[in-house]
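Below, each chain spelled out in residue letters.
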2 protein chains.
Amino acid sequence: MLECLVDGEISTYVPASNRGLNYGDGVFETLLVSNGQPHRWQAHMDRLGAGCERLGIAMPPQAVLLREVQTVSAGLAEVVVKVVLCRGGLARGYSPSRDAGSVRIVSAHQLPTNIEENMARGVKARICDLRLAIQPALGGIKHLNRLEQVLASSESFVEGVSEGIMLDPEDHVISAISANIFLILEDRLLTPRLDRCGVRGVIRSQILAACSGRCEQRRIQVDLLHEADEVFICNSVRGIVPVIGIDDHEFSIGPVTRELQSWLRDGDRA
Amino acid sequence: MLECLVDGEISTYVPASNRGLNYGDGVFETLLVSNGQPHRWQAHMDRLGAGCERLGIAMPPQAVLLREVQTVSAGLAEVVVKVVLCRGGLARGYSPSRDAGSVRIVSAHQLPTNIEENMARGVKARICDLRLAIQPALGGIKHLNRLEQVLASSESFVEGVSEGIMLDPEDHVISAISANIFLILEDRLLTPRLDRCGVRGVIRSQILAACSGRCEQRRIQVDLLHEADEVFICNSVRGIVPVIGIDDHEFSIGPVTRELQSWLRDGDRA
C-alpha cells in the first residue's frame, strides 16, 4: 500500500468494530488513476452508488471521494486506487443503525506488472471447481463478501494457467475470478446476466453501452464456450485481456477483441 | 467494546489491508465468559478449528486464544467475548499467501439485557423475505461473510416480533438470523442440516450430542413448522429461547424446551 486515507485522515488503520471487518458490510471500487486523474470516474461512482442503494449504505458526496482519490495518488504516474465504503456504526449485532453514515478507506497501490503483456498475448484459464452461489439480493454488487473468490483463487492452477472461470451451480458461466467475461459468436458479443451472482464491472457496462446493437446479456451454458470464436475478460485495472485457452480448449485472439482493446485505449487517452 | 486485543497487543485498530476487512476472509466465535472462564471453550475451539481447516486459515494455539480471552474479560463478572480470526497477509488480490498466518482480534462486550426474560417468556418471530444462498463450500462455517444476515436484520419487523427465521431458496428452514433452530414433533427433536448454508452452532452441537437418540438433522420444509409441538432457537450467548409464534402461527412453551433449558443451565453451573 502506497498511501491510505481513512475518513479523509492519513491512516492505515480502521477500528476493530468496523462493520466491513466483522460482516463484510460494505462495497468497494478499484480504479485505475493516471497522474491524479481516475479513469471512468463517473461509471465507478454510478456503480458504487447503485451498490450503496441496494444495501442501504450511505453514499458520501462524490466530490469528497474524488478529493481523496486524488490525494492518495498525488505525484504518482499510474496507480490502482481502492475505495472501500463500509456501513457506519458498530458491529455488535447484525442489525444496522439508522443514520450511521459510512466509513471511507481510500488507498493507492502499485499496478500489476504484467498488464501490457497479458493484453497483447492473452491468458490461459481453467474452469474453477468452486461454484458461485445464487443470491439475487447481492447479484451484481461489488460488495465485501468475497470468500468465494478467495477460495477459487486457492484452487491449484497448473503452470501457465493464470485465470479461473467461475460457473453458477446450474453450469452457467458467470465471470473470471476478478473480471467479467465476453464471448464472441459470429460477430455477436455475449456476456452473462449478473442478476443472481457476479459483479457488474465498469468496463463490462461500457462495452454493453458502446456495442448495444450487437451485444446481449444472457444465461450462458458452459458448453457454449466451445463454440465461441473469441473470448475475453475485462476489468478496470487490466483492461480487455484475450483468453487463449480454457482447460483443453484453445481460442485464437480475434478481430473483435483487438477492436475493443483499441476502443478502450482511445477512450483512456481522450 | 470494553477491551480489545489485536494479535495480543492492547489495541482497537486493525490495518486497512486486513483480509477480513477487504474480503470477509476469516472466521469468528462469540463466547459467554463468566469470571474469566469461557463457557463451552473446547466446543468453540473445535468449531473455530474446523472453519480454519476448511478455509485454509492458520489456527493459532488454543492456549494463546485462551489467554487473550481471559485478558479481555479480566475483572468482569459476565461478558460476551468475540474472537475474530482473519487470514494473514495482504489484501491486494484474492489469492492467499502461503504461511501468512492469521490475525487475532479478541474483544469483550456487554451482555444483551433481555436474556433472562427471553428464556422465560419466549420470543415471536417472522419468516424473513431474504433467502440464504446455497453454497456447500461455506455451509456450516461461522465465517465473516455476513451480508445476508445484515440484510435479513434490516427487514421491517412488526412491534413485538424480535426474531427472523431464514429459509433457503427451496423453502427449507435453516436457522434464525443469529441462532440455530429446533422443532419438537412428538418428542423427537428436529434441526436443519447445515451442509449447504447456515452456521453449525456450539449449543446446537451439544444438544445433538446429548439427545442423539431422539434428535435428527434433516431438511425441514417450512410447512412442517405448523406441525411442531414446540420450537426453540439457541446460541452461545442467549442460551435456549422458546419461540412462541412465527408469523400468524402460535406455539406454546413445552416440556422439552424447559427440560433442555435446565440441562444447559446445569451444564453452565458445573
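So, a few notes on the structure that sits alongside this text. Everything quoted here is computed from the prediction, not taken from an experiment. (Residues numbered from 1 in each chain as written. Chains lettered and ligands numbered in written order. Predicted model: local features only at pLDDT ≥ 70, side-chain atom pairs only at ≥ 80, totals over all residues.)

## With respect to the environment of R126 of chain B
Residues and elements named next belong to chain B. Short version of the rule: The helix and strand labels rest on DSSP assignments: H or I over at least four residues marks a helix, E over at least two residues marks a strand, and numbering proceeds from the N terminus. Counting other C-beta atoms within 10 Å of a residue's own tells you its class, since 20 or more makes it buried, 12 or fewer makes it exposed, and anything in between is partly exposed; those C-beta atoms are placed from the backbone. Any residue pair is listed as a contact if its two C-beta atoms, each placed from the backbone, are within 7 Å.
Take R126: it is sitting in strand β8 (residues 123-127). For R126, a count of 18 C-beta atoms within 10 Å corresponds to the partly exposed category. Measuring from C-alpha to C-alpha, the distance between R126 and D247 comes to 4.7 Å, with 121 residues separating the pair along the chain. Those residues in contact with R126 that sit more than four places away from it in its chain are F157, V161, G164, I246 and D247.

## Things to note about unusual backbone geometry
Residue and element names in this part refer to chain B. With a phi close to 50 degrees, E186 is a non-glycine residue in the positive phi region. Mapped onto the secondary structure, E186 falls in the loop between β11 (180-185) and β12 (188-192). Taking the number of C-beta atoms within 10 Å as the measure of exposure, E186 has 7 and is therefore exposed.

## A look at the relation of the copies chain B and chain A
The line we're drawing: Overlaid copies result from least-squares superposition on C-alpha atoms, with residues included only where pLDDT is at least 70 in both.
Least-squares fitting of chain B to chain A yields an RMSD of 0.0 Å, with the superposition described by an axial translation of 0.0 Å and a rotation of 180 degrees. Read as a symmetry element, the transformation amounts to a two-fold axis. For chain B, the minimum C-alpha distance to the rotation axis belongs to L21 of chain B and amounts to 1.9 Å.

## What to know about the sheet that holds strand β4 (residues 26-34) of chain B
All names here are of chain B. We count it as follows: Any two strands are treated as partners once DSSP identifies two or more bridges connecting them. Axis lines are fitted to C-alpha atoms, over the contacting stretch for helices. Their N-to-C directions set the angle, which ranges from 0 to 180 degrees.
The 6 strands are arranged β2-β1-β7-β6-β4-β5 in an open sheet whose pairing can be described as antiparallel. Taken across any chain shown, the strands that pair with only one partner, and hence form the sheet edges, are β2 (9-10) and β5 (37-38). Here β4 pairs with strand β6 (residues 78-87) via 9 bridges, running antiparallel. Pairing of V33 across the sheet is with V79, part of β6. Helix-sheet contacts for helix α2 (residues 41-55) involve β4, β5 and β6, and the interaxial angle to β4 is about 175 degrees. Helix α3 (residues 62-73) contacts β1 (3-6), β4, β5, β6 and β7 (102-109) of the sheet and is inclined by roughly 30 degrees relative to β7.

## As for the interface of chain B and chain A
What counts here: Under the grouping applied here, Gly and all other residues not named as nonpolar or charged are polar, the nonpolar ones being Ala, Val, Leu, Ile, Met, Phe, Trp, Tyr, Cys and Pro and the charged ones Asp, Glu, Lys and Arg.
On the chain A side, the residues contacting the 43 residues of chain B number 44 residues. Of all the secondary structure elements, the ones that give two or more residues to the side of chain B that touches chain A are β1, β3 (13-15), α1 (19-23), β7 and α5 (147-154) of chain B. Per-class residue counts for the side of chain B that touches chain A are 23 nonpolar, 17 polar and 3 charged. As paired elements, strand β3 (residues 13-15) of chain A and β3 of chain B share 3 bridges and run antiparallel to each other. Across the sheet, the residue bridging to V14 of chain A is V14 of chain B, located in β3 of chain B.

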